[in-house]
Amino acid sequence: MDISLFMQHMVNAISLGFVFGLVAVGYALVYGVVKLVNFAHGDVFMMAAYFMFYTSLIFGAPWLSAVIIGIVLTSLLGVGIEKVAYKPLRKYPRINSLVSSIGMSFLLQNFAVVVFGGIQRSFPVPEPMKKTLVLGEVRVQAVSIYTIIFSVVVVLILTFILQKTKIGLAMRILSRDFDTARLMGINVNRTISFTFALGSALAAVSAVFWALRYPQIFPFMGQYPGSRAFIAAVVGGIGSLKGALIGGFVLGMLTVLLPAFFPEYSGYREAFIFALLVLVLIFKPNGLFGQEAGEKA
Amino acid sequence: MKRTTRVMLSILLILVIYLFVFFAEKFMDPFIKRVLNTGFIYVILAVSLNLINGFTGQFSLGHAGFMAIGAYTSALLYMSPEQKLSNFFMEPLISPLDQIQIPFFWAIIVGGLMAALAGFIVGAPCLRVKGDYLAIVTYGFSEIIRSLFNNLQNITNGPLGLKGLPTHTNLWWTVSWAIITVIVIKRIVDSSYGRALKAIRDDEIAAENLGINLFKHKVLAFVVGAFFAGVAGGLLGSLLMTIDPNSFSILFTYQIITIILLGGLGNITGSVIVGIGFAFLMEGLRFVEMPMKIFGITIPGILGMRMLIFSILLMVTILFFRQGLFGHREFSWEGLAKLLSKRKVSE
Amino acid sequence: MMLQLVEAESSKKPSVKQTVLKMEHVTKRFGGLVAVSDFNLDLKEGELLGLIGPNGAGKTTVFNLITHVFPVSEGKMEFYGQDITKLNTDKIIRLGIARTFQNIRLFTNMTVKENIMTAFHAHLKSDLFTSVMFLPKYQREEEYIQNKTWELMKEVGIEHLADYKSSSLPYGLQRKLEIARALATNPKLLLLDEPAAGMNPDETLELNQLILRIREKYKLTIIVIEHDMKVIMNICERIIVLDHGVTIAEGTPEEIQKNPLVIKAYLGAGDEDA
């Protein structure tokens, strides 16, 4: 393989890595704070794409505005889902919340089928994103570059929120010790709502980058990136944001590079990735960067 | 009530059921028969999933994967060589599968056994993996199967699937297997092994500190559950006459989960009633997807409305009927006797 | 004060008792924290040993090490001469060690009766097929389990609550249920973790009698973790005192009561039960 093709693949891989990574961080964020695997995350991602699509289509809003409105709406959706489907079950065994998130995922998908229709729609792609940059022999999609740049920005913003703001501190404390946090006067409900808002916003941002690459949106579009991000977060260590990002990254790389270097086996890519997940969980049940959480007898 | 009385009553009930099957097979509308068949297959799936999720408390999302294994294994065994030849036109089926043909009954059994083997392979690592993660691993397993079956062109015919499967499935088969499933799993649950499984569900550490081998018992639940899921898959294949890897996806598993939640986790009676009910409800609700004429106005059908209604149903159950519609109330002959004697007293 | 001597069962010499549990230089570290440091024990058959110390001293950790809830960081443990240091929990229980929990771990969804019946599964000889097919061998075992369960419920005095959900029992009776359940695994060594917690003085007296009774009847060796000195001082023949994971004293109840190190360790905790 020549260097230009290799570079193309690498840029592709890195940008996809960031997309998966951002969605994975969204998962990890929610899990870290409320210890819930939010199966509906991928479908919130899907709703984000539709929000932006309709805002742009029906209200004729310029692209950037549609995206921002979409992010806001998605955050509200995330908060709403938490209040309706997870908060009432907080005091019951975890399995109820798990099942609820599965049910929510199911509900969102079917809702989308009925309300938005099952046919694929085309996500609006602004002119600057359609370009292909040519650097010498290497052809790179503008989308990929934008994705990488903005993903880094998002990660920096997220880090700032977590490390430097009060609410970020509250989130970190809550993820360490739920009960003590409440005793310390932290407004748990508000913190959890904010966590879901933030996680959903991350999903929305990833949805933008995803839809720019694959402009065909449809109700089940969240399944694939959602399950990828899932795997990434779990492999990386589901409480660890760093792990999720790295996991998403590795997964994105694998998704692009495997078929590139081993085209004969491209069909088995799914099987390989899931097998990887299973293996990691068997040998490192808490993920590569996760913490041991033993149960006291 | 003495045990022998209960056994006699149960045998009587089974005979009555078979009498019903006899007449149904002869005279019943084929459409309703098909729905009933589907219903009994759902019963097998729900009761077997309940063993893993409800009684042992292991949250498995892999049931569709076990179904797929059973469906494909049995289909490849009961199809004739000619049928296989016409299906595998892109890439021939590997030998000796292309020549083998065995009777339906044995094909189903082997399908179940292959699924049971998968249950062992999935169950073995599940010891190391707790609660939420188990859901993810089993989901992953189900997807691995789907991906593999989509790619093994010379074994499963890939995404084309298998078409023109001979219809062996009828009420005799589905009812019999449903009865076997219910009896076997009920026997397990009522025995000392059942107590061990329920202990694992309630408190793993306490169970372990009573000398219960967690690994052995969790794997047991998986293997038995997977076997019956494989059987159900095999029966479904012959009922639908066509199978493909993508029909055995996580969405199918979600439906079975809906059934066991509605019926009550750890409730066999609930799984039976809701299983059959679900099949009818699914068919009955088709009308919302068809155009309807009301007062001369045609209201167009909304595609996907059926599943949306089910999703809402599932959420309502999760939020308001956490114990399912039947909670922990199981059918028992004693319970029935008490109910009838109460009625008599008040008359 | 009621102390009963259990007769030695060794066939060699009537006065030499077998070692039931031997723990040598057992240490447990959690990261940087040393929960138990160089714990040593030579427990003879029939002994009633008390394990005391302020909160967080590492007492429950010792129990968790014995039943392998987690592995030792250092050291060796032997049960009747067999090395159990690396064995899994369920195997250790089946060898004959049983325990109760500080926080009570009953099966809340099961009845009182079912909780105890479950404990017999460890020694069930019938395999799954035999059980499912309800063959005579299994029928006999099930009958045995039913009968023994009644016996144990009567032993601790809860037989009238057999069909009640275990979580509906008052605290003191829940503790007794846990003891009955532990006995169902047919142990030779019984580890009781704060069995008197939450009991009033009458119940505590009853508990003392129960412990002595079951030691005699079931030929047990018992280790008791307790804060309640009405239990420790009245029934234990030997006491080990832990503080911050370190064994600071060992001796008879009289010796321990007078030991200045022990008094100092407890003064900080303000123990009023002594």
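Structure: see above.
Residues numbered from 1 in each chain as written. Chains lettered and ligands numbered in written order. Predicted model: local features only at pLDDT ≥ 70, side-chain atom pairs only at ≥ 80, totals over all residues.

### Things to note about the overall build of chain B
Assigned secondary structure in chain B consists of 15 helices and 4 strands. In terms of overall dimensions, chain B is globule-like: its C-alpha atoms have a radius of gyration of 21 Å, near the 20 Å expected for 347 residues. Counting all 347 residues of chain B, 51% fall into the buried class. (Helix = DSSP H or I, 4+ residues; strand = E, 2+ residues; numbered from the N terminus. Rg over C-alpha atoms; globule rule 2.2 N^0.38 Å. Buried ≥ 20, exposed ≤ 12 C-beta atoms within 10 Å, placed from the backbone.)

### Details of the interface of chain B and chain A
Contacts between chain B and chain A engage 36 residues on the former and 35 residues on the latter. Looking at the side of chain B that touches chain A, the elements with two or more residues in it are α6 (131-151), α12 (250-263) and α14 (305-320) of chain B. At 14 residues, the largest contribution of residues to the side of chain B that touches chain A is made by α6(B). Counted by class, the side of chain B that touches chain A contains 24 nonpolar, 7 polar and 5 charged residues. (Contact = placed C-beta atoms within 7 Å. Nonpolar A, V, L, I, M, F, W, Y, C, P; charged D, E, K, R; others polar.)

### Details of helix α7 (residues 166-176) of chain A
All names here are of chain A. What α7 keeps buried is the set Ala170, Met171, Leu174 and Ser175. For α7, the buried positions fall inside an angular range of 130 degrees around the axis, keeping them on one side. Looking at the buried positions of α7, the neighbouring elements they touch are α1 (3-34), α6 (142-164), α8 (178-183) and α9 (188-213). (Arc of directions from axis to C-beta.)

### Digging into the nonpolar core
If you look at the biggest cluster of nonpolar residues, it comprises 275 residues, and the most contacted ones within it are Ala24(A), Ala49(A) and Ile44(B). If you tally residues by element for this core, the top one is α1(A), at 16 residues. Setting aside residues no more than four positions away along its own chain, Ala49(A) makes contact with Phe123(A), Ala207(A), Ala211(A), Ile217(A) and Met221(A). (Core = buried A, V, L, I, M, F, W, Y, C linked by C-beta atoms within 7 Å.)

### Topic: unusual backbone geometry
Excluding glycine, most residues fall at negative phi; most peptide bonds, likewise, are trans. All names here are of chain C. One non-glycine residue, Ile104, lies in the positive phi region at around 55 degrees. Positionally, Ile104 belongs in the loop between β6 (97-99) and α3 (112-119). For Ile104, a count of 21 C-beta atoms within 10 Å puts it in the buried group. Phi is positive for His244, which is not a glycine, with a value near 50 degrees.

### Notes on the pairing of strand β9 (residues 238-243) of chain C
Residue and element names in this part refer to chain C. Counting buried residues in β9 gives 5 out of 6 residues, a clear majority hidden from the surface. Across 4 bridges, the pairing between strand β3 (residues 48-52) and β9 is parallel. Opposite Gly50, over in β9, you have Ile239 as the bridge partner. Bridge analysis of β9 against strand β10 (residues 246-251) gives 5 bridges, and the strand direction is antiparallel. Within β10, the position partnered with Ile239 by the bridge is Gly251. What sits between the antiparallel neighbours β9 and β10 is a turn of 2 residues, in which His244 has the positive phi angle 50 degrees. (Pairing = 2+ DSSP bridges.)

### Here we look at the packing of helix α9 (residues 192-202) of chain B against helix α11 (residues 214-240) of chain B
Residue and element names in this part refer to chain B. Contact geometry for α9 and α11: axes closest at 10 Å, N-to-C directions at 105 degrees. For the element pair α9 / α11, the angle class is roughly perpendicular. Residues Ala196, Leu197 and Ile200 of α9 pack against Leu214, His217, Lys218 and Ala221 of α11. (Axes fitted to C-alpha atoms, helices over the stretch in contact; angles between N-to-C directions. Parallel < 35°, antiparallel > 145°, perpendicular 65-115°, else oblique.)

### Notes on the environment of Arg139(A)
All names here are of chain A. As for its placement among the helices and strands, Arg139 is situated in strand β3 (residues 138-141). You can call Arg139 partly exposed: it has 14 C-beta atoms within 10 Å. Separated by 68 residues in sequence, Arg139 and Ile71 have C-alpha atoms that sit 31 Å apart. In contact with Arg139, other than residues within four places in its own chain, are Gln8, Thr132 and Val134.

### Here we look at the pairing of strand β1 (residues 19-30) of chain C
Residues and elements named next belong to chain C. Two strands pair when backbone bridges link them, and β1 and strand β2 (residues 33-44) are joined in this way by 8 bridges, in the antiparallel orientation. Considered in β2, the bridge of Lys22 is made with Asp42. Taking the residues between adjacent antiparallel strands as the criterion, β1 and β2 are bridged by 2 residues, where Gly31 takes a positive phi near 65 degrees. Summarising the sheet, β1 and strand β4 (residues 74-79) pair through 5 bridges and their orientation is antiparallel. Note on β4: the bridge partner recorded for Glu24 is Lys76.

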